[in-house]
Each structure stands twice: as structure tokens, then as C-alpha cells.
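Below, each chain spelled out in residue letters.
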Amino acid sequence: MNHAEKAERFIADKQRTAWHDETLWFIRSKRDTAAQKLPEWEQLRNWASDIKAHTLSRLDVYLEEFERNAIANGIIVHWAKDGEEHNQIIEKILKDNQCKRLVKSKSMLTEECHLNAHLKTVGIEVIDTDLGERIVQLRDEPPSHIVLPAIHLKKKDVSDVFTEKLGATPGNEDPEYLTRLARKSLREEFLQSEVAITGVNFAIAETGGIVICTNEGNADMGVNNARVHIACMGIEKLLPKKEHLGVFIRLLTRSATGQPITIYTSHYRKPKPGKEMHLVIVDNGRTRQLASDDFRSSLKCIRCAACFNTCPVYRRSGGHSYDAVVAGPIGSILSPNYDPKKHADLPFASTLCGSCSNVCPVKIDIHDQLWKWRQTLTQQGYTPASKTLMMRVMAFMLGHRGAYAIAGKIGRWTLRQFPQLIRNRWNPWYRQREMPDAPKESFQEWFKKHQKI
Amino acid sequence: MSSRQQILERIRAVRQNEQKLPDELPKRMLPLEELRERFIVSCSITGTGVHVLSSMEEATFLFMQKAGSCSFYIGPGLPGNNSIEDPVRTDYAILKGEFGVAENNAVWLKESSMGDRVIPFASLHLYLLVSEDDLVADMHEAYHKDLIFQEGFGVFIAGPSKTADIEQSLVIGAHGPLSLDILLITNH
Ligand code: SF4
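Residues numbered from 1 in each chain as written. Chains lettered and ligands numbered in written order. Predicted model: local features only at pLDDT ≥ 70, side-chain atom pairs only at ≥ 80, totals over all residues. Heavy atoms only, no water.

Caption draft 1: Main features of the sheet that holds strand S7 (residues 228-234) of chain A. All names here are of chain A. Strands sit in the order S1-S10-S7-S4-S2-S3 across an open sheet of 6 strands; the sheet is parallel. This sheet does not close on itself; its edge strands, each paired only once, are strand S1 (76-80) and strand S3 (125-128). Neighbour-to-neighbour, the strand axes of the sheet open up by a mean angle of 25 degrees, direction not taken into account. As paired strands, strand S4 (residues 195-198) and S7 are joined by 4 bridges and run parallel to one another. Across the sheet, Ile-197 pairs through a bridge with Ile-230, a residue of S7. (Pairing = 2+ DSSP bridges. Helix = DSSP H or I, 4+ residues; strand = E, 2+ residues; numbered from the N terminus. Axes fitted to C-alpha atoms, helices over the stretch in contact; angles between N-to-C directions.)

Here you go:
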């Protein structure tokens, strides 16, 4: 099923679609208010973009500097060229520590590598601790948004799954009650877990330390109760210096939710004496993206999700319709790099309105890259034959004036004689739209007539 | 070839011209005036309680009153610093913050002031003490401080833990403390 077909299922529930659309738009407007309060906003975006572009252009140097400092700090550093190796490294650490059950805070990278599913096959259970992620985990589905994993759900859905899995009182849909219930059950997990896995928001080359941002405090509860901390990061998470964080921390949450900063911005540099800290540095397709002039800059992404919240297609189709680990506009650029065949439809799930590029805190030219992917995927033959054929026909028509004029005439005449040809339920364009009457003459004919007067 | 070597080789193989790093970033972008007022406004936005007091003693006194007969912890560097047996089951904790940021009411807490790394997250109610003289304007100024990354662990805390993951309804008290109070010590 492609994006359009999945989206159709999502929008079948009109009320839910309207709520989803309005809620994300509200978050987008909170972002606007926060950004407009800072006169230096555009300056911050320029710096963020330049710092990331510089880091990517010297990534090898900064990775080595980071590794050197991290090792000096007592951190054990691992490198994984793909998701499989990432999973094996973690499996080994867990087995060395005889760990059967562990807590994990939000990390899109571990989602990308399908870590939970892999560990399940070897009998190890992962408990996601971000509330939104826990909800979707209990429902046995993936997150639909990278910052708000359960944004596709209503409180009734949460109440239902908590009743089934956590013994909640049936029918009690009070968000505070449900949150407290999850807090209680997850606290038990925190206290029992010997190992905690986290993602990384920023890794600082000059200090060999990492920064993790959360509002719930779940990452820190996990890490600081456990004996072993495993942090997983893509190679693109680096920043050269700690003072660069001033720019990124100011941008990240303002772009994400309109908050000036997350509640917790934690800086881990050394394991606590007697404890272990591991860092897994992962490539998994990133160096391929780095090699591409067209798509390299997508690696600047700091996963704020501003492009999701503003996207008219995302808001009205829901994250699951993308069928990708990262949905939304940025996911539609990242996903075809992993699997062009599976994700060939995603760059087309956009109006190319450019709103995503305008809100992106690191100034990725998202909509231009979507357009480039369309060309690349079509050239490589990944788009459906009907789409490719239509494009060829259109290219011929637009390139041959005579053919264009004749086709226009035939088209207008046909539609005037047989309007049901397009006004029927098999035409997807007619389903949600009124079709205008076909005009008698083309604009060119009209123009010629009136020019003479 | 190890994966480390492979990844680094692949990056080197596609190395582009060096993109320029911005010239030195400013040490501060927001004005230095009225830091206290701005800090207090920020607290009201994040649901953080704030109390302006004149001494550390006054702060710990207020804290002890709030803690009543619950289990409590007074962190290192504060009058009355006590030891604690079970840090994850603390009801009330008061810790010494190093500095506060006016633009977002974040307070920097260093590891050696926590007693145990878990305290600021596990305690049901958290009190942070900051001196008015230690307020900075914004995150640029904050990250120019040597304190950041100086110890093994450090954290900016900017409110009580919270979540809006259930239908976007804000709930204070997710996995960390249910409340945060900042005790601002003024010398004026
Ligand atoms: S592409 Fe830009 S706007 Fe989208 S998630 Fe990444 S940083 Fe945020």
C-alpha cells in the first residue's frame, strides 16, 4: 500500500483528521510565537546551518577528536557500519551483563535499526520509557511523529490500552490519571533495570561528552539508576565546540514545541565511578547520503519535527501513512536513501509548498530535495510505470506546440460533450472536488482575439 | 578493516572543501538588564515556583518547613547537608545550583552538588538554590562558562518534569519531580 492509500484510511475518520490537523497547526503557531520573540532568530538559523555544514565537511576529523576525548573520559566507544552491527554490539553488552530486560528513552536511531525487534528474538525485552513511546509500544505499533510519538491517538485509545495492559480503571480517560499510572509502572522498571539505553541529541568533539534533551526526565531516571548506560548516535550528531550548543539549544525546542528549552538538558561526560558508559557511533547509510551533493545537507537535521507540524500533507495524512521510521518531509528525503524501492512514493507526498524549508532551524532545503528525489527516482525507474508514461507523454506535448494545441482542442471538445468522463467516482481528482466546465477556447485563442481590439 | 576504519575511510573518500565555521559567536545576545525580573517571568511560564530570599539559611528553613515529616535531602554545600540512605525514595531535595539563565529559567546543576546523580530526577519535589548574582542573560552566555562539561555529569533544569503525550493535555510530573521551586538569594 502506498502513502496515498494509507492516508485514505487515516482520513476516513473525519473528526480525528481535523483534530490531528488543528493540533499540529497549533504547535506550529507556538513555534512562530517563540521564534518571533527573538530578533536574532534568522541569525541563529544561519549559524546553525553553517556550523553543521562545516562539521559535515570535516566529519572524519571531528569524529576522531570526539572519540579520543570520550575514551579519555572513560567511555567505551563502539563503531557500527549498519543497523545490524549496531544491534549486535548492544546485544553483546547486554549478554556480558546478563541483562534480560532494560529501559530505553527516545532514540530514533534505535528505531531505525529495529533494535527492540532484534533483542526480542534473543529473549531480551526493551521497555520504552517516554510516555508517548510507551503508549505506542503497548499498542504494538511504531511512533507516528519523532517528537510526539502518540499524536495519532486520542485519550480513549490510551485509556483502552492502559486498561488492557496496566490495569487502569475502564473508561477513565483523564490524562493526569493515565500519566500517573504510567509513571508508577515505569518507576518500577527504572529501579530494576541494570542497563539504560538512550539516544544522543548532540555530541561535542572538544569535550567527548554528549547532550540529551527531554521534558519527562525519563532518560536521566533510566541512566542514573542503571549500572550500564548505552548511548547510540548517528555520525551526524557532532558539534565541534560546547559553545555551539548555545545556538542549537536555543533553536531546538523553540522549533519543536515553542518552549524556550526542554526541562532537562543533560550533559554526560564520564560514567559515574564504578559504572559503565558505552557509546555506539553508527553509519547505517549516512556516508552514502554524505557522498551526494543533492542530499548531503539532510544530515544537518536535528530532529525537531517543525517540518512535520507545518506540512499540509503530514497534518492531514498522519505519520503511519508514510510507513517509514521518520515520517514527514525530512523522512521523505531520508527514507529513499535506505530503500528507494519501498519509499519511492514519499517524495511525491508533498505539495512542494516550501513551508518545511522555511521553518527548518538548520535551513535544509527540504522541498528542493523532495523535488530532486522525484527526478532521481523516476530516472532510476522506481516510480510506477503509469506515472513515468504520463510524464513522457506530457514532456512530448509540452515540447511540441502543434501537438499541444490539437490535444487541447480535442480535450475541450470531448469534455464538453461527455463531462461524465471526468465526473465519475473512478477519477480520484473528482472525489473531493468540483470539476469546472471545460472552456470553449484556450487562453491562447482568447488572447489572440482580444489582442486585436 | 574495522568498521571504525571503514566509516572514516568512506567519509574521507567524499570529503568536500572545508565549509567555513562562523566567526566567533557572541558571548551574549540578550540584554543584561533586569535579569531577575526576566528570570521570574520565565519561571511563571514553565510552572516553576520562585521565592526571593535573603540568605541560604532562610532558604533551607523554608525548605524544611515544606518537607515537614517527609524524607528529605539537603545537598552538598548547603547548611544542614545530610546523608541519605535511599536516594531514589527521597520526597524532598534541595540542591545548590551554580547559575540561572534569565531567558528560560534553566539552572545549571553540577554533579558534585547533587549528592547522587539520581537525586534531581527521583526526588518527588525539588528545590534549587541560585544566587541572584549568578544569573546570566541567555544560553550563549551560559555555554561560555567553564562549568559546562567540567565534571562527569551536569544538567540544566528548567521546570518540573512534564508531558503532553496524551492528546496534548499538559500534565506536570512525568517521570521526574512533581514540582520545582527555585530559591533566589538576593544580596540587595
Ligand atoms: S529537517 Fe529541519 S525542520 Fe525537519 S526535523 Fe530536521 S531540523 Fe527539524
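Caption draft 2: Inspection of the domain arrangement of chain A at higher detail. Domain parsing of chain A yields domain 1 (38-284), domain 2 (294-379) and domain 3 (388-450). On a C-alpha basis, the centroid separation for the pair domain 1 of chain A and domain 3 of chain A is 52 Å. (Domains from an automatic or database assignment.)

Caption draft 3: Looking closely at the interface of chain A and chain B. Counting residues at the interface gives 89 residues for chain A and 71 residues for chain B. Summing both partners gives a buried area of about 7100 Å² for chain A against chain B, and 61% of it is carried by carbon and sulfur. Inspection of the chain A/chain B interface yields 11 salt bridges. Among the ionic pairs, B:Arg12 bridges to A:Glu64, the shortest N-O distance being 3.2 Å. Between chain A and chain B we count 40 residue pairs in polar contact (both at pLDDT 80 or more) in total. With 10 residues, the single largest contributor to the side of chain A that touches chain B is helix H10 (residues 175-192) of chain A. In the side of chain A that touches chain B, the residues fall into 42 nonpolar, 21 polar and 26 charged. The pairing of strand S9 (residues 264-268) of chain A with strand S8 (residues 153-157) of chain B spans 5 bridges and is classified as antiparallel. From the neighbouring strand, A:Ser266 faces S8(B), where its bridge partner is B:Val155. (Contact = heavy atoms within 4.5 Å. Buried area = accessible area lost by both parts, 1.4 Å probe. Salt bridge = Lys/Arg side-chain N within 4 Å of Asp/Glu carboxyl O. Polar contact = N/O pair within 3.5 Å; in protein donor to acceptor, adjacent residues only side chain to side chain. Nonpolar A, V, L, I, M, F, W, Y, C, P; charged D, E, K, R; others polar.)

Caption draft 4: Quick peek at the sheet that holds strand S5 (residues 202-204) of chain A. Strands sit in the order S8(A)-S5(A)-S6(A)-S9(A)-S8(B)-S5(B)-S4(B)-S7(B) across an open sheet of 8 strands; the sheet is mixed. Edge positions in the sheet fall to strand S8 (238-239) of chain A together with strand S7 (135-136) of chain B, since each of these pairs with one other strand and no more. Sheet topology note: the strand S5 (residues 107-110) of chain B/S8(B) ladder contains 4 bridges and is antiparallel. When the sheet's bridge partners are listed, B:Val107 is paired in S8(B) with B:Ile157.

Caption draft 5: Fine view of empty space enclosed by the protein. This model, assessed by the stated rule, comprises 7 cavities of 30 Å³ or more. Looking at the largest cavity, its volume works out to about 100 Å³. Lining the largest cavity are 13 residues, and of these A:Val223, A:His229, A:Lys272, A:Lys275 and B:Arg117 lie nearest its centre. Every element with two or more residues in the lining of the largest cavity is listed here: helix H11 (218-225), S7 and strand S10 (276-282) of chain A. Partitioned by chemical class, the residues of the lining of the largest cavity number 6 nonpolar, 2 polar and 5 charged. Empty space within the second largest cavity amounts to approximately 80 Å³. Around the second largest cavity sit 13 residues that line it, and A:Cys301, A:Cys304, A:Cys307, A:Cys360 and A:Pro361 are the ones nearest its centre. (1 Å grid on protein atoms, 1.4 Å probe; cavity = no way out; pocket = protein on both sides within 12 Å on 5 of 7 lines; lining within 4 Å. Points joined across faces, edges and corners; volume = space filled by probe spheres on them.)

Caption draft 6: Representation of the site of the ligand. Surveying the vicinity of the ligand reveals 13 residues, the closest of which are A:Cys301, A:Cys304, A:Ala305, A:Cys307 and A:Cys360. For the shell around the ligand, a count of residues per class yields 12 nonpolar, no polar and 1 charged. (Near = heavy atom within 4 Å.)

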